[in-house]
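Commentary on secondary and tertiary structure
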Amino acid sequence: MGDRKIILKSNGLNLGYKKQGESIIIAEDIDFELKKGALTCLLGPNGVGKSTLIKTIMGQLPALQGSVILDDSPLGDYSLKELSKRIAVVLTDKVSLGNVTVYQLVSLGRIPHTTWLGSMSSMDHTKVEKAIEVTHISYLKDKVLSELSDGQLQKVMIARALAQDGEILILDEPTAHLDLINRFEIMHLLRKIAKEENKAVLVVTHDLEIAIDTADEFWLMQCGLPLECAAPEDLIVSGKINLLLPSGTLKFNPITGKIQDSTPYDYPIIQGDVKLTNWLKLIIRKNSLVFDEDLQVISILENPFLIKVKGEKKEQNYNSFKAFLEDLS
Ligand SMILES: Nc1ncnc2c1ncn2[C@@H]1O[C@H](COP(=O)(O)OP(=O)(O)OP(=O)(O)O)[C@@H](O)[C@H]1O
């Protein structure tokens, strides 16, 4: 396990852009601490300023007020070359290097470390090999980028960032456009990298469920509010996770771990264990099912599966949700 040392922090940071001498503030008073050996996920609605925050953290965009401190010095005290040795970034832009091999692309991660002639030492090759091994892409080494799937390409981009060998790895939506399995794989890989390589990994993501499964810390960014930094489990139990859902009609269900419609719904009396009754409630609500006035209780059993709708005069049994739905809708 990596030690959770703070490597990057800010205090009272204002983020934004300068246009014709005027400051456009996107977010104010941002405080954070990014730790080595931990996977941190930055979440927030579209347009709230997540990319602006990471551009500021990367030193690409100057802070409008306050500063980002890397180790004990402000980012501005580091040269660009020094920063690129410390902070590796994977952005969402598509690479347009179709004829480059995977090995060559991962080697580009060594640029901040090579001489002005760009020649790689045996140590550079070792770092490239290690990055390829950690990301499980050895079998792709000699393929050209145009032959890769999106999921494979994303692992290659992560390998390039790893080869850069900085202590901080920042990724902007690395799971966008990937299927469910690849999204899981990438996030678990990033967690493994944080722990086994002792990196501070910061990931911008909209994948709430996978982020809950993998992150040590969440940074919740919400318009006009301070950055909320805490363990996902604490945010769930305190209800602060709902800061991600300001509209009020959606709420995070701390039992199912899912986002659900929170408008009250008048369910009939339902008996059964929580797993089954939750799915029964979903099918009732989703289809606005209406029951006979004499309905007394609906019971649901798992083995053998049975939904029993008991009224004063009659009782109906169904052996699947489909049969239940077909009869009642
Ligand atoms: N170069 C720029 N100059 C001025 N304003 C900008 C610039 N780039 C982005 N913005 C504005 O800053 C705000 C935050 O944008 P940003 O891309 O940081 O949001 P985000 O949270 O990353 O969104 P998303 O989830 O959609 O990627 C937006 O209102 C955007 O229009």
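Computed from a predicted structure; not experimentally measured. (Residues numbered from 1 in each chain as written. Predicted model: local features only at pLDDT ≥ 70, side-chain atom pairs only at ≥ 80, totals over all residues. Heavy atoms only, no water.)

**Looking at the overall build of the protein chain**
How we decide: Put simply, DSSP marks the helices as runs of H or I at least four residues long and the strands as runs of E at least two long, and each gets a number from the N terminus on. The globule rule used here is 2.2 Å times the number of residues to the 0.38 power, and the radius of gyration it is set against is calculated over C-alpha atoms. Working definition: with a 1.4 Å probe on protein chains only, accessible area under 20% of the residue-type maximum means buried, over 50% means exposed, and in between means partly exposed. Using the Shrake-Rupley algorithm and a 1.4 Å probe, accessible areas are obtained, with residue cover drawn only from the displayed protein chains. His is not counted here, nor are the chain ends, while Lys and Arg score as positive and Asp and Glu score as negative. A charge is said to be at NZ when it belongs to Lys, at CZ for Arg, at CG for Asp and at CD for Glu.
Regarding its fold elements, the protein chain presents ten helices and 16 strands. A globule of 329 residues ought to have a C-alpha radius of gyration of about 20 Å, yet the protein chain, at 25 Å, is considerably larger. Structurally, the protein chain occupies a C-alpha span of about 90 × 50 × 40 Å along its principal axes. Classification of the 329 residues of the protein chain by burial places 44% in the buried group. Accessible surface for the protein chain amounts to roughly 17500 Å². Of this, 51% is attributable to carbon and sulfur atoms. Of the charged side chains in the protein chain, 37 are positive and 44 negative; the average position of the first set lies 3 Å away from that of the second.

**Points about the sheet that holds strand β13 (residues 270–271)**
Filter applied, for reference: Two strands qualify as a pair provided DSSP detects at least 2 bridges between them. We call two residues in contact when some of their heavy atoms are within 4.5 Å. The axes used here are C-alpha line fits, helices contributing only the stretch in contact, and every angle between their N-to-C directions lies in the interval 0 to 180 degrees.
Across the sheet, four strands lie side by side as β13-β14-β15-β16; this open sheet has mixed pairing. Looking at strand neighbours, the two that pair on one side only are β13 and β16 (315–318), the edges of this open sheet. By the bridge criterion, two bridges tie β13 to strand β14 (residues 295–301) in an arrangement that is parallel. Following the sheet pairing, Q271 is matched in β14 by S299. Against the sheet, helix α9 (residues 274–286) makes contact with β13, β14 and β15 (306–311), and its axis sits at roughly 125 degrees relative to β14, the strand it touches most. Docked against the sheet, helix α10 (residues 321–328) engages β14, β15 and β16, running at close to 135 degrees with respect to β16.

**Notes on the site of the ligand**
Definition in use: The rule for a residue being near a molecule or strand is that one of its heavy atoms must lie within 4 Å of it. Here a polar contact means two N or O atoms within 3.5 Å. Within protein one must be a hydrogen donor candidate and the other an acceptor candidate, and residues neighboring in sequence count only if both atoms are side-chain atoms. Note on residue classes: Ala, Val, Leu, Ile, Met, Phe, Trp, Tyr, Cys and Pro are nonpolar, Asp, Glu, Lys and Arg are charged, and everything else, Gly too, is polar.
With respect to spatial proximity, the complete set of residues near the ligand consists of Y17, I26, P45, N46, G47, V48, G49, K50, S51, T52, E173 and H206. Note that a nitrogen atom of the ligand is positioned 3.2 Å from one of the side-chain N or O atoms of Y17. A distance of 2.8 Å separates an oxygen atom of the ligand from a polar atom in the backbone of G47. Coverage of the ligand by the protein chains reaches 61% of its 640 Å² of free accessible surface. The dominant element in the shell around the ligand, judged by the number of residues it contributes, is helix α1 (residues 50–57), at three residues. A per-class count over the shell around the ligand returns four nonpolar, six polar and two charged.

**What about the pairing of strand β12 (residues 258–261)?**
Note that strand β11 (residues 250–253) and β12 share four bridges and pair antiparallel. Within the sheet, the bridge partner assigned to K251 lies in β12 and is Q260. In textbook terms, the turn of a hairpin is the stretch between consecutive antiparallel strands, and for β11 and β12 this stretch comprises four residues, one of which, G257, has a positive phi near 75 degrees.

**Notes on the domain arrangement of the protein chain**
Reports often express the size of an interface as the amount of accessible area lost when the parts come together. Heads up, the condition is: Segmentation of the chain into domains, including their bounds, is taken from an automatic or database domain assignment.
As far as domains go, the protein chain holds domain 1 (6–230) and domain 2 (270–328). Spacing between the C-alpha centres of domain 1 and domain 2 amounts to 48 Å.

**Describing the side chain of Q164**
Tracing the chain through its elements places Q164 in the loop between α5 (150–163) and β7 (168–172). Among the polar contacts listed, one links the side chain of Q164 to the backbone oxygen of S84, at a separation of 2.7 Å. For Q164, the contacting residues outside a window of four places in its chain are S84, K85, I87, A88, G109, R110, P112 and H113.

**Some words on the sheet that holds strand β10 (residues 228–230)**
Here we have six strands laid out as an open sheet, ordered β6-β7-β8-β3-β9-β10, and mixed in their pairing. Each edge of the open sheet carries a strand with a single partner, namely β6 (87–90) and β10. Strand-to-strand twist across the sheet, computed as the mean angle between neighbouring axes with direction ignored, equals 15 degrees. Along the sheet, α5 makes contact with β6 and β7, crossing β6 at roughly 165 degrees.

**Observations concerning the nonpolar core**
The line we're drawing: Throughout, nonpolar core names a set of buried Ala, Val, Leu, Ile, Met, Phe, Trp, Tyr and Cys residues whose side chains join them through atoms within 4.5 Å.
Formed by 51 residues in total, the largest nonpolar core has its most connected members in V106, L190, I193, V201 and F218. No other element matches α5, which puts eight residues into this core. Apart from residues lying up to four places away in sequence, V201 is in contact with A38, L39, T40, L169, L171, L190, I193 and A194. Residues L15, L34, I87 and W219 belong to the second largest nonpolar core, which totals 28 residues.

**Regarding α5**
Basically, it comes down to this: Expected helix span is taken as 1.5 Å per residue step, with the number of steps being one fewer than the number of residues.
Between its terminal C-alpha atoms α5 stretches 20 Å, which fits the 20 Å expected from 14 residues at 1.5 Å a residue. The buried fraction of α5 is high, at eleven of 14 residues. On its buried side, α5 packs onto β6, α3 (102–108), α4 (122–134), β7 and α6 (180–196). Trailing α5 by a residue or two, D165 shows a phi angle of about 65 degrees, which is positive.

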